[in-house]
Each structure stands twice: as structure tokens, then as C-alpha cells.
Amino acid sequence: MGTRLKVLRVFKTLHRTRSTVFKDDKRALTAARLKINEEFRKNKNETSEENINKLACQQREKTSNVMPKISSDTLWELAAAEVQNRDTRCGEEDGGEPVSERTVFLMGSKAGGKTSILLRCLDRDEPSKPTLALEYTFGRRARGHNTPKDIAHIWELGGGISLSDLVQIPITPVSISLRSFSVILVLDLSKPNALWGTMEKLLQAAQVQVEKVSSQAQRAKLEKSKAGAKHQTSVHPAARVLPKDYPDRELISPFPVSLLIIGSKYDIFQEMNSDKRKLVSKTLRFVAHYYAASLIFTSIKSESLMSKTKSFFSHLAFGLDRGKTVSSDSTKPLIIPAGSDSFSQIGSPPTTDVDITSLHAKNPKDLWKKVYERVFPPESTSEQQELKDPAKDPQYNEPQIDAMRTQKDQELEQYKRNAAKSWKGLELETRDN
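Throughout, a residue's number is its position along its own chain's written sequence, starting from 1. Selection of residues for local features in this predicted model requires a pLDDT of at least 70, selection of side-chain atom pairs for listing and counting requires 80 or more, and totals for whole chains, interfaces and linings are taken over all residues. By convention in this description, side-chain values take in all heavy atoms of the structure and omit both hydrogens and water.

1. Notes on the overall build of the chain
Scanning the chain from N- to C-terminus turns up 14 helices and seven strands. Accessibility here uses a 1.4 Å probe with only protein chains present; expressed as a share of the type maximum, an area under 20% marks a residue as buried, one over 50% as exposed, and anything in between as partly exposed. Burial analysis of the chain (433 residues in total) assigns 37% to the buried set. Contacts were defined at the residue level, with two residues in contact if any of their heavy atoms lie within 4.5 Å. Considering only residue pairs separated by 6 or more positions, the chain has 70% of its internal contacts joining residues 24 or more positions apart. Total accessible area on the chain is roughly 26300 Å²; 51% of this is exposed by carbon and sulfur atoms. Counting from the N terminus, the helices are the DSSP runs of H or I reaching at least four residues and the strands are the DSSP runs of E reaching at least two. Shrake-Rupley sampling with a 1.4 Å probe provides the accessible areas, and residues are treated as covered by the protein chains on show and by no other component.

Shown next, in the form of C-alpha cells:
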């Protein structure tokens, strides 16, 4: 290949890389274009073929560093790595402190308002759309004037409990070990019958995955530091450490990472019967305190509640102060930061027609579950099983595709019937012979 053609190919490759890496970032696109062009103009009078080949190799290495092979990493990992590298370079050039990165995993009730709450917390004025399985976005926030922006990697799980297996994608050894990881659980207060089941299934799935990857990260770290050692002690996942004065510290079971429980659609919930509201409120207070989590009730129709919700979100996403407001009155929206409640303040489960001693609960959490489900029986699992097939989920409705799918399903059924008839005819002929 001619020297001129080699240089031209490298030049085009660099610009394609620039367009891919800095897509939608106009300032970065312009800066990268000017830099690339400047480098090539600076060496345009170079005549030595040896030097030209060296310069071309250097540019190819830069391209390779920015865009690693797709086969070795997922697109999400490539995107996260590039954002991290870019902001680290900016911090080093500015001489400022390194950029902080945190990961927030949002999950909860199906159609419970997760996306609407997230968009408001990120100050994005755009209509919310149904979440397709698992979606990623990010938020950025500057600590001050002329300072690098901190980054929040945000994952949102759709489909309620039907897609709980997908927790393994955002909860990885990298997200747990290198960044501050937290979980936000959004529960639809307007559907109390599905509330406990949603909470229990999703928290269990997330907790199992967090403990699994934490154990893997700890084991890998220990093997690396003690390579060649004959005796190695067993490794356990790093537990979340609570302050010594944390209320009921010996009686609770802290979630392995920071947890925020959001009760959504409070505007509908407040129209519910007062006794039922009290049971839901006290039950969620117990659950939040049991897991050492924060709890807040909110509604996207209330600016004041969304402002307080945003403070809790920003505390997890960017490390900002979440405020000191506390409200534990069941007749008002609950706002209870982690560590602000206690079992003595919560009291026992509110019951009127149930003898608690007859419930045979294994532990306090099981007792609260039994009392709660006496008043709010869990929904039948038939709907939940049907949602295992996303093609039948109304939130993913595509009229043209669905019509074609229906037609093909009918053709398949007709084919099955015709095939069955032909087999029966063949069987009768065989018997006659």
C-alpha cells in the first residue's frame, strides 16, 4: 500500500473513531476534529517514509486505546470506560481532583412511575416512556465553578418482578468494587396487594447478586495479594458497616448496599381508607428500618414531594446532603432517612380482627408479612406468569408487528391441525393394510 494511502486511511479512521466516541457531544467533537487536523498538518511536510510509518503507527495505537475490540467487552463497558477515561484526562489537564463516579440501580413496581421520577430527579423535561427490559442513562453534576462533573451511572429495570433475572447486568464486580453502588426500590402505593410481593422478590434478587459479586471481588483480591500462599482463609462478602449508635443495630439485617425505598403515586394512596393507609405506612417503615434503608412517599404531581425525593436521589447519585426533614406521621407523606426510625417508634403491626399469636411467624419480618397479606392478599400469579413473554405485554404494543405475529400464529395453528389430520390418515391406511 502506498504511503499516502496509508496516511489517508489512518486519518479517516481517527475521524470515524471521533464521531463514535463523542457522539452527541458537540464540544468534544469539535475539539477532537481540530486536534486531529492539527496533528496531521504539523507533519504534512514529512518526507521520510520511516518517520511517516512511525507516526501512522502512533495514531493507530491511539485509536485502539479509545476503541477496544468489541469482542472482548460489552458496549456498556466500552461506554463506561470511555466516559471514565475522558473525564480522568480532563481532571488531570485541569489539575483538579479526580471525577467521582457512582452507580444507581432503579427497580420496582411495573408501571409504578420509576421513569417519571428519574426524569424529574435529573431535571430532564421529556415525556416518559415504558422501560424496555433494562435501560441505561447517566447524570452529571459539577461540584462548583470550573470543576469536573461527577458522574452517576443509572440503570432502570422495567417489567416489575418478571425481569428480576436481569439484576446481574448492572450489579457486577466492577460496579460494586470501583464505584459507590446503591439501589432505589420504587413501590406503587396505589396497588397495595402487589406491594409486598414486588418488594420481597426484587430485594431478594438484588441482594443475592450483590453478595455474589462482592464475594467474587473479595476472593479475586485475596488471591492476587496472596498468590502462592499455601493456606488461604475463606472469603466473605464485605458487609455494610453501620455506626455503633444506629437504632436497633443488633436486631436489623442491613441491605448490603445503600437502599432507598420510594412509595410512588401518593396522590392516589391518600384517598385510601385510613386504616389501610396506616397498615401500608407502618409496614414500609418496618421494612425500611429492617434493611437500614431510607423511605419517602412521593407523587410527580407534588412539587414539594418531588423536591425532597430529588434530595434523596442526589445523595445517592452525587453524594449531596439529603436534608434533615423527618416525617413519620401515617396521615402525611413519610420522609424517613436511614437511622431516623426505630422498632419502638414503629410499634407492632396494626391489627383489629387478627390474633397475632395465632399467625405462627418465624421472625418479626414474617409476622409483618402475614398481617399485611391478611388485609392485602397477594395477586394471583397467572398474570405474572403471562408477563414472562414480553410479546404479550401491552406496554410493548406494536400494532403492525403484532398483527403480523397474530397472522403467523394462526398459520402455525392451521399447519399443526393439517399435519395432525395427515398423520391420522396415514395411521388408518397402515391399519387397513
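2. Comments concerning helix 10 (residues 303-318)
Taking 1.5 Å per residue, 16 residues should reach 22 Å; helix 10 reaches 21 Å between its end C-alpha atoms and fits that length. Leu305, Met306, Thr309, Phe312, Phe313, Ser314, Leu316, Ala317 and Phe318 are the residues of helix 10 that are buried. Of the residues flanking the end of helix 10, it is Gly319, one or two places downstream, whose phi is positive at about 75°. One less than the residue count of a helix, multiplied by 1.5 Å, gives the span that helix is expected to have.

3. As for the pairing of strand 5 (residues 258-264)
Most of strand 5 is tucked away, with six of its seven residues classed as buried. The sheet contact formed by strand 5 and strand 6 (residues 294-297) spans four bridges and is parallel. Bridge pairing links Ile261 to Leu295 in strand 6. Two strands are counted as paired when DSSP detects at least two bridges linking them.

4. Looking at the side chain of Arg277
Position of Arg277 relative to the elements: it lies in helix 9 (residues 274-290). His is not counted, nor are the chain ends; Lys and Arg add positive charge and Asp and Glu add negative charge. Salt bridge, as applied in this entry: a Lys or Arg side-chain nitrogen positioned within 4 Å of an Asp or Glu carboxyl oxygen. Buried charge without a salt bridge: Arg277, with Glu271 as the nearest opposite-charge side chain at an N-O distance of 7.3 Å.

5. Brief notes about helix 9
Given a rise of 1.5 Å per residue, 17 residues ought to cover 24 Å, and the 24 Å separating the end C-alpha atoms of helix 9 matches this to within 8%. Most of helix 9 sits inside the fold, with 13 of its 17 residues counted as buried. The distance from a side-chain oxygen at the start of helix 9 to the backbone nitrogen of Asp275 is 2.8 Å, and the residue carrying that oxygen is Asn273. Positioned one or two residues after helix 9, Ala292 has a phi angle of 55°, which is positive. Within 3.5 Å is the distance limit for a polar contact, defined as a pair of N or O atoms, with the added protein rule that one can donate a hydrogen and the other accept it, and that residues adjacent in sequence qualify only through two side-chain atoms.

6. Observations regarding the side chain of His289
Positionally, His289 belongs in helix 9. When sequence neighbours within four positions are dropped, the list of residues in contact with His289 reads Tyr246, Pro247, Asp248, Ile252, Asp341, Ser342, Phe343 and Ile346.

7. Thoughts on the environment of Leu195
Note on placement: Leu195 falls in helix 7 (residues 195-225). Put simply, Leu195 and Phe376 are 181 residues apart on the chain and 8.9 Å apart in space, counted from C-alpha to C-alpha. Dropping the residues within four chain positions of it, Leu195 is found in contact with Leu187, Asp188, Leu189, Val280, Leu284 and Tyr372.

8. Points about the nonpolar core
Counting residues in hydrophobic clusters, the biggest one holds 57 residues, and the most contacted among them are Phe105, Met107, Ile171, Leu185, Leu259 and Ile261. In terms of residues, this core owes the most to one element, helix 7, which gives nine residues. Ignoring any residue separated from it by four or fewer positions in sequence, one finds Leu259 in contact with Val183, Leu185, Leu203, Tyr291, Ala293 and Ser294. Residues enter a nonpolar core if they are buried and are Ala, Val, Leu, Ile, Met, Phe, Trp, Tyr or Cys, with the set joined through side-chain atoms within 4.5 Å. Residues Leu118, Ile154, Leu260 and Phe318 belong to the second largest nonpolar core, which totals 20 residues.

9. Overview of the packing of aromatic side chains
Classification of ring pairs rests on two measures: the distance between centres of Phe, Tyr or Trp rings, Trp counted by its six-membered ring, which must be within 6.5 Å, and the angle between planes, read as stacked under 30 degrees, edge-to-face over 60 and tilted in between. With the rule as written, the count across this model stands at 11 aromatic pairs. Ring pairs connect the aromatic residues Phe255, Phe286, Tyr290, Tyr291, Phe343 and Trp368, which therefore count as one cluster.

10. So, the pattern of salt bridges
Side chains that differ in charge, positive against negative, can pair when their charged atoms come close. Considering all chains together, one arrives at 10 salt bridges under this definition. Notably, a salt bridge pairs Lys369 with Glu200, separated by 3.2 Å at the nearest N-O pair. Here Lys369 is found in helix 12 (residues 364-375), whereas its partner Glu200 is found in helix 7, with 169 residues between them in sequence. Glu411 is paired through a salt bridge with Lys408; the nearest N and O atoms lie 3.7 Å apart. Taken together, the residues Glu411 and Lys408, both in helix 14 (residues 399-432) and three residues apart, mark about one turn of the helix. We classify Glu411 as partly exposed; its relative accessible area is 39%.

11. Details of the sheet that holds strand 5
Taken in spatial order, the seven strands make up an open sheet running 2-3-1-4-5-6-7, and their pairing is mixed. Taken across any chain shown, the strands that pair with only one partner, and hence form the sheet edges, are strand 2 (134-142) and strand 7 (335-336). Where strand 1 (residues 101-108) meets strand 4 (residues 180-188), seven bridges bridge the pair, whose relative direction is parallel. In the sheet register, Thr103 faces strand 4, and the bridge partner there is Phe181. The angle between two axes is taken between their N-to-C directions and runs from 0 to 180 degrees, where each axis is a line fitted to C-alpha atoms and a helix contributes only its stretch in contact. In the packing of helix 5 (residues 114-121) onto the sheet, the strands contacted are strand 1, strand 2, strand 3 (149-157), strand 4 and strand 5, and the crossing angle to strand 3 comes to about 170°. On top of the sheet, helix 9 reaches strand 4, strand 5, strand 6 and strand 7; it is set at about 155° to strand 6, its chief contact.

12. Thoughts on the packing of helix 9 against helix 12
Interaxial distance between helix 9 and helix 12 falls to 11 Å at its minimum, and their mutual angle equals 155°. Here helix 12 runs roughly antiparallel to helix 9, going by the angle between their axes. Crossing of helix 9 over helix 12 shows left-handed handedness. Residue-level inspection shows Lys276, Leu279, Val280, Lys282, Thr283, Phe286 and Tyr290 of helix 9 in contact with helix 12, the latter providing Pro364, Lys365, Trp368, Val371, Tyr372 and Val375. By definition in this entry, angles of less than 35 degrees are roughly parallel, angles greater than 145 are roughly antiparallel, angles of 65 to 115 are roughly perpendicular, and the rest are oblique. Crossings are sorted by hand: turned counterclockwise from the far helix by less than a right angle, the near helix makes the crossing left-handed, and turned clockwise it makes it right-handed.

13. What about unusual backbone geometry?
Unlike most non-glycine residues, Ala133 shows phi in positive territory, near 60°. Note that Ala133 resides in the loop between helix 5 and strand 2. Despite not being glycine, Ala292 shows a phi value in the positive range, around 55°. With respect to the helices and strands, the residue Ala292 is situated in the loop between helix 9 and strand 6.

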